[in-house]
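Inside the fold
So the chains spell out like this:
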Amino acid sequence: MTEQRPRSTFVFDDGPLSHFTEAGWLGLLELFVADGEAWLPDTVQHELGAGVDAHPHLRQVLDATWLKVTPVGPAETVAYGFYFGRLVETPPTNVGECGVLALAEFHEAIAVIDDGDARALAKERGVQMTSTISILCDLVTNKHLGFAAAERVADNLLRTEYRLPFAAGGFRQFVSENGLIDPYE
């Protein structure tokens, strides 16, 4: 049975965008957003832009029309300052994550982020978030992606050196053991 998700705003970090694109699956993130909104914080846009010369696939993210570049403005300053003080040791490291979390917190949006430190702070502050694994599970649950295809996507992401909590071939076991979805339904 397909679950209907309410219309939501998703604020994307560079990790999922970069690695889905490098693996050839950026369109899955657009499919996941469905009729919601997808925000690309200006802090993340800057990080991606700085990496285009070394990683040309990032141009595809920057050109994606479904992503709305959203500035971190005066309204989000307090939240941004909190995250900056906790996540940034040497700029520009983690500046993008600060923008993601500030926008998600202030606008009650959903942060799309996999970074462990950023996720811990988001949890501490009550910020809604989702992860790459949750997105793949959602796509399977809502019949946009078959289970075998989700396994291939996860393996493709691992080949881009994306850090996921399992090795190649381990998606099915991980989601089953963690009760995320039943891989045999």
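Conventions we followed
Residues numbered from 1 in each chain as written. Predicted model: local features only at pLDDT ≥ 70, side-chain atom pairs only at ≥ 80, totals over all residues. Heavy atoms only, no water. Helix = DSSP H or I, 4+ residues; strand = E, 2+ residues; numbered from the N terminus. Buried < 20%, exposed > 50% of the residue type's maximum accessible area, 1.4 Å probe, protein only. Arc of directions from axis to C-beta. Contact = heavy atoms within 4.5 Å. Polar contact = N/O pair within 3.5 Å; in protein donor to acceptor, adjacent residues only side chain to side chain.

Another aspect to go through is the environment of Ser-134. Tracing the chain through its elements places Ser-134 in helix α8 (residues 132-141). Residues Ser-134 and Phe-147, spaced 13 residues apart in sequence, show a C-alpha to C-alpha distance of 13 Å.

Turning our attention to helix α2 (residues 26-33). Residues of α2 that are buried: Leu-26, Leu-28, Leu-29, Phe-32 and Val-33. One face of α2 carries all of its buried residues, which in axial projection span an arc of 155 degrees. One or two positions beyond α2, positive phi appears at Ala-34, with a value near 55 degrees.

Here we come to helix α7 (residues 116-125). When we look at burial in α7, the residues that qualify are Ala-118, Leu-121 and Ala-122. Seen along its axis, α7 keeps its buried residues to an arc of 100 degrees; they face one direction. Looking at α7, the residues exposed on the side facing more than 90 degrees away from the buried face are Asp-117, Lys-123 and Glu-124. At its buried positions, α7 is contacted by α5 (77-87), α6 (95-107) and β5 (129-130). The opening residue of α7, the one whose side-chain oxygen lies 3.3 Å from the backbone nitrogen of Asp-117, is Asp-115. At the C-terminal side of α7, Gly-126 shows a positive phi close to 75 degrees.

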